[in-house]
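Breakdown of the fold
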Amino acid sequence: EPCLSQIQQNLLKTSRDALALLSQESANDQWRLKVADACRRVGEVQRRLGAFDDAKSALEQSVALAEALVQEDPKCDRRRKMLARNKLSLGILLCDYEEFPIARKTFHDCLGLCEPSVKSAVDLGLHGWHALAIAASLHLGVVAENRNQSEQYLRRAVELSRTLKNASPSNVATPRLWYLLSL
């Protein structure tokens, strides 16, 4: 079993290195988005395997790639959502290893990317922004520096989930999320 884990880690590192090379050589924005997403996924797998340094490196790379894409076109929702998702994954990893000040900033950045699109997303029936904003708010509530901040972020998560529930009562994820928030 540990041998398999080492093989998986080597494969993931090789994949991440290949993705980094491809992202540097590609001028195609769609490809760069896919590389940023693949780096995030590699980082999440490495996190599950307990390879903190490799996971952090992959997730930081995914954030850097997404940040470059957002910088080129800040109004593109797809790019901003990718960056928010990548920052959320990095923040979760940082929490796992108790790097709370950096995790707080990362979650706050994620929430900042989501907030402008949350209202319009409900009107359009797009719930991905809500899910990211709720997750970032919940994590901020857990890693907040004080009780008041914690309550503020947790209330925001509940408020967002209520908005989502009211906008789409048939959404499969909504009842599960509502149940978790009511505990």
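Placed above this text is the structure.
Residue indices begin from 1 for each chain and proceed along its sequence in written order. With pLDDT at 70 or above as the cut-off, local features in this predicted model cover only qualifying residues; side-chain atom pairs require 80 or more to be listed or tallied, and sums for whole chains, interfaces and linings still use all residues. Heavy atoms throughout the structure, all of them, feed into the side-chain values; hydrogens and water do not.

So, on to the state of the cysteines. Pairs of cysteine sulfur atoms within 2.5 Å are identified as disulfides in what follows. Evaluation of the coordinates by the stated rule reveals zero disulfides. For the unlinked cysteine Cys114, the closest cysteine sulfur is that of Cys110, found at 4.3 Å.

Before going further, it helps to spend a moment on the pattern of salt bridges. Between Lys or Arg on one side and Asp or Glu on the other, a salt bridge is scored when a side-chain nitrogen of the former is within 4 Å of a carboxyl oxygen of the latter. Tallied over the entire structure, the rule returns 16 salt bridges. For the salt bridge of Glu72 with Arg32, the shortest nitrogen-to-oxygen distance reads 2.6 Å. With a gap of 40 residues between them, Glu72 in helix α3 (residues 52-72) and Arg32 in helix α2 (residues 29-49) connect regions that are remote in the sequence. A salt bridge links Glu145 to Arg104; its shortest N-O distance comes to 3.9 Å. In this pair, Glu145 is assigned in the loop between α6 (128-143) and α7 (147-167) and Arg104 in helix α5 (residues 100-124), connecting sequence segments 41 residues apart. For the exposure calls, accessible area comes from a 1.4 Å probe over protein chains only, and a residue counts as buried if that area is under 20% of its type's maximum, exposed if over 50%, partly exposed in between. Taking the relative accessible area as the measure of exposure, Glu145 reaches 63% and is therefore exposed. A run of DSSP states H or I qualifies as a helix once it reaches four residues; a run of E qualifies as a strand once it reaches two. Both are numbered from the N-terminal end.

For our purposes a nonpolar core is just a set of buried Ala, Val, Leu, Ile, Met, Phe, Trp, Tyr and Cys residues, chained together by side-chain atoms within 4.5 Å. If you look at the biggest cluster of nonpolar residues, it comprises 39 residues, and the most contacted ones within it are Phe107 and Cys114. Residue assignment for this core shows that the elements contributing at least two residues are α2, α3, α4 (77-96), α5, α6 and α7. Between two residues, a contact is recorded if the distance between any of their heavy atoms is within 4.5 Å. Among all residues touching Cys114, those that are not within four sequence positions of it are Ala84, Trp129, Leu132 and Ala133.

Backbone geometry follows two general trends: most residues other than glycine have a negative phi, and most peptide bonds adopt the trans configuration. One non-glycine residue with positive phi stands out, namely Glu98, at about 55°. Within the secondary structure, Glu98 is located in the loop between α4 and α5. Taking relative accessible area as the criterion, Glu98 reaches 60% and is therefore assigned exposed.

This part takes up the packing of α3 against α4. To get an axis, a line is fitted to the C-alpha atoms, and for a helix only the part in contact is used. The angle between two axes follows their N-to-C directions and goes from 0 to 180 degrees. At their nearest, the axes of α3 and α4 sit 9 Å apart, and the two run at 155° to each other. Of the possible angle classes, the one that applies to α3 and α4 is roughly antiparallel. Both α3 and α4 take part in a crossing whose hand is left-handed. Residues Phe52, Ala55, Lys56, Leu59, Glu60, Ser62, Val63, Ala66, Glu67, Leu69, Val70 and Glu72 of α3 touch α4, and the partners they reach there are Arg79, Arg80, Met82, Leu83, Asn86, Lys87, Ser89, Leu90, Leu93 and Leu94. Each angle is binned into one of four classes, with values under 35 degrees roughly parallel, values over 145 roughly antiparallel, values of 65 to 115 roughly perpendicular, and all other values oblique. Helix crossings are classified by the rotation of the near helix relative to the far one: an anticlockwise turn of less than a right angle makes the crossing left-handed, while a clockwise turn makes it right-handed.

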